[in-house]
Amino acid sequence: MGYVPILDGLFKVIEEKRAVKLHYLPKKISIEPGNICNLRCPLCPTNDVENRDIPKSMMSLQTFQTIFDKVKPFVLTLDFFNWGEPFLNKDIGLFVKYVKEQKPKVRIVLDSNFNIISDEQIDQIVRYGLDVIHVSCDGATQPVYEQYRIGGNIERVIANMRKLVAKKKELKSDKLYVEWKYLVFKHNQHEVGLARDKAKEIGVGFSASGMRINCGKEIFEDINTSVKRDKKWIPDDPAYNNYKIIPEQIKRSCPKPWKTLTVDWNGDVVPCGALYDCAKYNYGNLVKQSFDEVWNGEKYLEARRVILSKKDKAGVVCSICKSNGYQFF
């Protein structure tokens, strides 16, 4: 009996009658400001030597505007993250500004390691109306923090959070919700309480959740292989251990090709945030095609057929994920 991921709530098996060609559009979309990062986290593919030949860059403001104009009529939530550090993109504040000028009610969520944000960017994200920022900080002291966030400095992260809180007060803005996002590993599980106390003292929210195994490889291998390789990172605390021997909680399907999509820095579209090589596995490109040409393009149609079918089919990356038990969660 092998390991399987524990799910917050099992996704109900998709009925056979469910549509393959969709006559509705997704309300939530992830847009990647860039796939380059300033840190070297061991379980992230961004700086993995195996991915050194994958094209890396930042999304231009023009590319972002082209993409947003196509999704503006229906999108309600934008996630400004996938791979890479968003604040390495010098135009990220202008992304926020453009969205809020075009469609103010769109909710924008951004994830950052918060090591490299400038004072100008802090001013922009508050002034232009960013809704939520998750600060990924997995430790409360430098010796613990740097074991996973290699190249990062926790004092810099905390100082930047203080600057952000101060800027909110200066501009009299309560709109932006700031949350310290703590991934719990074996090496840092003992500092969760200390980090929570520090977050309260700074004046930001706090959440702790279990880590994922190598998030660039998980859909390409079975769960037992993943856990065996990455077991040194998995926390012992059952409250944060996502990997248990509970066969009845195996994920049976995936809703993502019906609900959302992820857009790479150059407009390439993939069905979820588990794919670093967006050029190889893309289902279309939102710079070159209309939204419907991608959303109901042949690769998306085939992906939905694969998930609905009792038999696996080759040709789309969702087929690989299905064959490995829909490990991504």
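A brief structural summary. (Residues numbered from 1 in each chain as written. Predicted model: local features only at pLDDT ≥ 70, side-chain atom pairs only at ≥ 80, totals over all residues. Heavy atoms only, no water.)

**Observations concerning the packing of aromatic side chains**
Here's step 1: Under the definition given, this model contains 17 aromatic pairs.
Here's step 2: Relative to F80, the ring of F64 lies with its centre 5.5 Å away and its plane at 85 degrees, an arrangement referred to as edge-to-face. With F64 in helix α1 (residues 61–71) and F80 in strand β3 (residues 77–80), the pair connects residues that are 16 residues apart, well separated along the chain.
Here's step 3: For F64, a relative accessible area of 0% corresponds to the buried category.
Here's step 4: With a relative accessible area of 0%, F80 lands in the buried category.
Here's step 5: Taking the centre distance of 4.3 Å and the plane angle of 5 degrees together, the rings of F64 and F95 count as stacked. One end of the pair, F64, is in helix α1; the other, F95, is in helix α2 (residues 92–102), and 31 residues separate them in sequence.
Here's step 6: Classification of F95 as buried rests on a relative accessible area of 0%.
Here's step 7: By the ring-pair criterion, three or more aromatic residues cluster together here, those being F64, F68, F80, F95 and Y98.
Here's step 8: Directly above the ring of W295 sits R304, whose terminal nitrogen or CZ lies 4.8 Å from the centroid. (Phe/Tyr/Trp six-rings, centres within 6.5 Å; stacked < 30°, edge-to-face > 60°. Helix = DSSP H or I, 4+ residues; strand = E, 2+ residues; numbered from the N terminus. Buried < 20%, exposed > 50% of the residue type's maximum accessible area, 1.4 Å probe, protein only. Lys NZ or Arg CZ within 6 Å of the ring centre and 35° of its normal.)

**A look at the nonpolar core**
Here's step 1: With 91 residues, the main nonpolar core has I29, F80, I133 and W180 as its most contacted residues.
Here's step 2: Among the elements that line this core, the one with the most residues is helix α5 (residues 154–170), at six residues. (Core = buried A, V, L, I, M, F, W, Y, C linked by side-chain atoms within 4.5 Å.)

**Here's the deal with the sheet that holds strand β10 (residues 269–270)**
Here's step 1: On the basis of which strands lie adjacent, the open sheet formed by eight strands has the order β7-β6-β5-β4-β3-β2-β9-β10 and mixed pairing. Edge positions in the sheet fall to β7 (205–210) and β10, since each has one partner strand and no second.
Here's step 2: Relative to strand β5 (residues 132–136), strand β4 (residues 107–112) runs parallel, the two sharing four bridges. By the bridge assignment, V109 is partnered in β5 with V132.
Here's step 3: Along the sheet, α5 contacts β5 and β6 (177–184); its crossing angle with β6, the most-contacted strand, is approximately 160 degrees. (Pairing = 2+ DSSP bridges. Contact = heavy atoms within 4.5 Å. Axes fitted to C-alpha atoms, helices over the stretch in contact; angles between N-to-C directions.)

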